[in-house]
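# Reading the structure
Each chain, letter by letter, is given below.
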Amino acid sequence: MALLDIKNLTLEIDGSSGWMKALDKVSLRIEEGEIRALVGESGSGKSLIVRAVVGAIPEHWRVTADRMTWKGKDLLTMSQIERRKIMRSEIAVIFQNPLLSLDPSATLGEQLMESIPGNLVSGRWFWQRTKKRREMAIKLLHKVGIKEHKKYLGAYPHQIADDIGQKFLIACALVSSPRLLIADDPTRGMEITTKTQILKLLTRLNKTRNLSILFVSHDLLAISSMSDRMTVLYCGQTVEDGKMSQLRKRPLHPYTKALLDSAPSFRKDLAPKSPLAALDGTIPTLQHLPIGCRLGPRCPRAQKECVRTPELRHVQDHFYSCHFPLIREREKQ
Ligand SMILES: Nc1ncnc2c1ncn2[C@@H]1O[C@H](COP(=O)(O)OP(=O)(O)O)[C@@H](O)[C@H]1O
Ligand code: SF4
Ligand SMILES: [Mg+2]
């Protein structure tokens, strides 16, 4: 059974011009122990999916799905209490801008120790429990590669660098030993060495703790080294989903191909300094969504049929949503 299983998730936001489908039949399935990449340009709806999973959606927005389950339990119909319990103990989330997620008025040590739930801390007396919390906090810092625990437990958020901040947030996320870690663009804006360290840490946690990871990013190079499968999102629609190696070698959707082509080192056959085959135009706003396939106005392969939204089809376990996938050329050859 999949850990997280989402089928045809639709999320509508009310704007001045009426309801807008910010997510349109998105599907996403995460198995135990896998690292899943969720990729798409900025504004494609990645963070909205994260918010829908964790239940951080304003009450007046409309959320529907054919299926949205956590270990087989329906997330949409369960009680708030049950949902919060899952969020406290089984699913953890880290966001970009680590320093914004931390309380500026408390030290890292205070924040980490406070986040350890009471049931994990034994001891009859207060001082015993405090000592236990401190030991656990130190262990967690070491686990995420922060060796100088004395220095950092006493530091305030404004005194630490970005990479320490992100590692620290990962340590906080590990407090309850979650099964799934959702990392929403955790390396955005980081310089390459720091980024590499965070990616290595996530990969290590996946291997050593069998932690499933949903790695949300707009950065293909960052995800290529660590993910097993990739889901590609465009403008609130799932356009392609499959094994990382398959998608890299043989993308079926024109958008995935354009994404891959704009990351030169991702495709072995692209000569150095060759021109980038990007798409014309930019991602539309929610107020100006095209009818049918939302890539239509930017797609070099678009035809009349594309005003109908393409169904999600598949070749074995490789899913795509396009009336004229790149598969056809290969079949003709
Ligand atoms: N609170 C909100 N109110 C109105 N529109 C929103 C809100 N949050 C996100 N959106 C819109 O939903 C779309 C997807 O946003 P988001 O999920 O943040 O994209 P991504 O994370 O892929 O960059 C964007 O067009 C964004 O403007
Ligand atoms: S359905 Fe049409 S517009 Fe959409 S990606 Fe395929 S060819 Fe392009
Ligand atoms: Mg986002």
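Residues numbered from 1 in each chain as written. Chains lettered and ligands numbered in written order. Predicted model: local features only at pLDDT ≥ 70, side-chain atom pairs only at ≥ 80, totals over all residues. Heavy atoms only, no water.

### Overview of the site of ligand 2
- Looking at ligand 2, there are 13 residues lining it, with Cys293, Cys299, Cys306, Cys322 and His323 nearest.
- Judged by its atoms lying within 2 Å of the grid points, ligand 2 is housed in the largest cavity. (Near = heavy atom within 4 Å. 1 Å grid on protein atoms, 1.4 Å probe; cavity = no way out; pocket = protein on both sides within 12 Å on 5 of 7 lines; lining within 4 Å. Sits in = over half its atoms within 2 Å of the grid points.)

### Some words on the sheet that holds strand E12 (residues 313-315)
- The mixed open sheet is built from eight strands, whose spatial order is E7-E8-E9-E3-E10-E11-E13-E12. Looking at strand neighbours, the two that pair on one side only are strand E7 (91-95) and E12, the edges of this open sheet. Each strand of the sheet is rotated relative to its neighbour by a mean of 20°, with strand direction disregarded.
- As paired elements, E12 and strand E13 (residues 318-320) share three bridges and run antiparallel to each other. Within the sheet, the bridge partner assigned to Val315 lies in E13 and is His318. (Pairing = 2+ DSSP bridges. Helix = DSSP H or I, 4+ residues; strand = E, 2+ residues; numbered from the N terminus. Axes fitted to C-alpha atoms, helices over the stretch in contact; angles between N-to-C directions.)

### Describing the nonpolar core
- Formed by 61 residues in total, the largest nonpolar core has its most connected members in Ile170, Phe215 and Met230.
- Counting residues per element, this core draws most heavily on helix H7 (residues 162-174), at seven residues.
- Counting residues in each nonpolar core, the second largest holds 32 residues, with Leu4, Ala22, Trp61 and Met68 among its members. (Core = buried A, V, L, I, M, F, W, Y, C linked by side-chain atoms within 4.5 Å. Buried < 20%, exposed > 50% of the residue type's maximum accessible area, 1.4 Å probe, protein only.)

### A look at unusual backbone geometry
- Phi angles above zero are rare outside glycine, and Lys71 is one such case at about 45°.
- Assignment of secondary structure puts Lys71 in the loop between strand E5 (67-70) and strand E6 (73-74).
- Assessed through its relative accessible area of 38%, Lys71 is described here as partly exposed.
- The backbone of Ser177 shows a phi angle near 50°, a positive value even though the residue is not glycine.
- As for its position among the elements, Ser177 is in the loop between H7 and strand E8 (180-184).

### Regarding the packing of aromatic side chains
- Enumeration over the complete set of coordinates arrives at one aromatic pair.
- An angle of 50° between the planes, with centres 4.6 Å apart, marks the rings of Tyr234 and Tyr255 as tilted. Residue Tyr234 is found in strand E10 (residues 229-234), and its partner Tyr255 is found in helix H11 (residues 254-261); the two are separated by 21 residues along the sequence. Like Tyr234, the residue Tyr255 is buried in the burial classification.
- Residue placement shows Arg62 over the ring face of Trp19; its charged tip is 3.9 Å from the ring centre. (Phe/Tyr/Trp six-rings, centres within 6.5 Å; stacked < 30°, edge-to-face > 60°. Lys NZ or Arg CZ within 6 Å of the ring centre and 35° of its normal.)

### Regarding helix H8 (residues 192-209)
- Given a rise of 1.5 Å per residue, 18 residues ought to cover 26 Å, and the 25 Å separating the end C-alpha atoms of H8 matches this to within 8%.
- Thr194, Lys195, Ile198, Leu199, Leu201, Leu202, Leu205 and Asn206 are the residues of H8 that are buried. Down the axis of H8, the smallest arc covering the buried residues is 155°, so these residues share one side. What points out from H8, more than 90 degrees from its buried face, is the exposed set Ile192, Lys200, Lys207 and Thr208.
- The secondary structure elements touched by the buried residues of H8 are strand E3 (35-39), helix H5 (126-143), H7, E8, strand E9 (212-217) and helix H9 (220-224). (Expected span 1.5 Å × (residues − 1). Arc of directions from axis to C-beta. Contact = heavy atoms within 4.5 Å.)

### Comments concerning the pairing of strand E1 (residues 4-15)
- Sheet topology places E1 next to strand E2 (residues 18-30); nine bridges connect them, and they run antiparallel. Counted as the bridge partner of Ile6 is Leu28 from E2.
- Where E1 and E5 come together, four bridges link them in antiparallel fashion. From the neighbouring strand, Lys7 faces E5, where its bridge partner is Arg67.
- By the bridge criterion, three bridges tie E1 to strand E4 (residues 62-64) in an arrangement that is antiparallel. Bridge pairing in E4 places Leu11 opposite Val63.

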